[in-house]
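# Structure assessment
As a plain string of letters, each chain reads:
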Amino acid sequence: MTQRIAFLGTGLMGAPMAVNLLRAGYEVACYNRTQSKTEPVVEAGATAHDTPKAAAQGAHFVVSVVTDGPDVEAVLFGENGAAQTAAPGALFIDMSTIAPEKARELSQTAQSRGFRFLEAPVTGGTIGAQNATLSILAAGEPSDFDAAMPLFQAMGKTITFCGAAGCGQGVKLCNQIMGAMNLLGVCEALVLCQKMGIEGEKIVEGLSGGAAASWALQNLAPKILRGDFAPGFMVDTQQKDMRLVAQAAEAAQASLPGAALTTQLWRAAQANGDGADGIQAMYKVLARMAALEK
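So, here is what we can say about the structure in this document.

Rules and cut-offs
- Residues numbered from 1 in each chain as written.
- Predicted model: local features only at pLDDT ≥ 70, side-chain atom pairs only at ≥ 80, totals over all residues.
- Heavy atoms only, no water.
- Buried < 20%, exposed > 50% of the residue type's maximum accessible area, 1.4 Å probe, protein only.
- Helix = DSSP H or I, 4+ residues; strand = E, 2+ residues; numbered from the N terminus.
- Pairing = 2+ DSSP bridges.
- Axes fitted to C-alpha atoms, helices over the stretch in contact; angles between N-to-C directions.
- Parallel < 35°, antiparallel > 145°, perpendicular 65-115°, else oblique.
- Contact = heavy atoms within 4.5 Å.
- Nonpolar A, V, L, I, M, F, W, Y, C, P; charged D, E, K, R; others polar.

## Things to note about the pairing of strand β1 (residues 4-8)
Most of β1 sits inside the fold, with five of its five residues counted as buried. With burial as the criterion, each face of β1 is covered, one bearing R4, A6 and L8 and the other bearing I5 and F7. With five bridges joining them, β1 and strand β2 (residues 27-31) adopt parallel strand pairing. Along β2, the bridge assignment pairs A6 with A29.

So this is what it looks like as structure tokens:
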């Protein structure tokens, strides 16, 4: 019997993830607040619905990839949420990035209504979503992780069980810190090399195989050098994640000066009207500071 998946949220990340589930042989019913964004998934064989409730009718798995905690709560447990119609005992898998405490709260809500719940935020950007090479950071009950593994394998390559509810989101926030700092280093290096009259391409070519190698250097530096600031992951969305980092740091009484600095640089990008650009727009902030034109 083909297992039915309700996939809620078919934006930049969600659409290719849902398509990969279709390619793996699952039956997918999808929902997105802006329905036109379901079109790539429908073209691949899914059915689109007007509400999460309609998409989840009889679903064995409910996967959500939306913006923030309140959005997850709405699509799962709201008036027109998936919990109204999903199969008894269905496994809810939230692959959004939300606060760890919100993930724990949603897990408790799901269990109180007779469902199972995993958090499974991802990293790897739209490229990873398209190529089914995402890193998936799951947390919850080990038995639920085992049940979700075939779905994860259809969408990702590096799949890690991080522990109890909240731990997956905690690891994802750590990822956002590291990614932010790596990108800052790439952007500063590109500014400096160009101020010294060195072609930026030499940074990518010469450093990608050494100690300075990073995902940002390999994937975002070439875009910066082409003047391509189209979003694989938007500045505005990244800033939501950095807000969650700051909240987690405050709760844990951890000092994170690097995370605060990158947040301020992206805030400058937003103030310049670049909030809908990709996160590589951090470079434009530093380039303006260095009187470079780009």
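Structure shown, so let's carry the discussion forward.
## Observations concerning the packing of helix α4 (residues 69-77) against helix α5 (residues 100-112)
Viewed as axis vectors pointing N to C, α4 and α5 meet at an angle of 10°, and their least axial separation amounts to 10 Å. Taken together, the axes of α4 and α5 lie roughly parallel to each other. Residues G69, V72, E73 and F77 of α4 touch α5, and the partners they reach there are K102, E105, L106, T109 and A110. Tallied by class, residues from the contact of α4 with α5 come to four nonpolar, two polar and three charged.

## Let's talk about unusual backbone geometry
Of note, A132 is a non-glycine position whose phi angle comes to about 60°, a positive value. Within the secondary structure, A132 sits in the loop between α6 (125-131) and β8 (134-140). Of note in this structure, A291 is not a glycine but carries a positive phi near 60°. With respect to the helices, strands and loops of the structure, A291 is situated in the segment after α13 (282-289).

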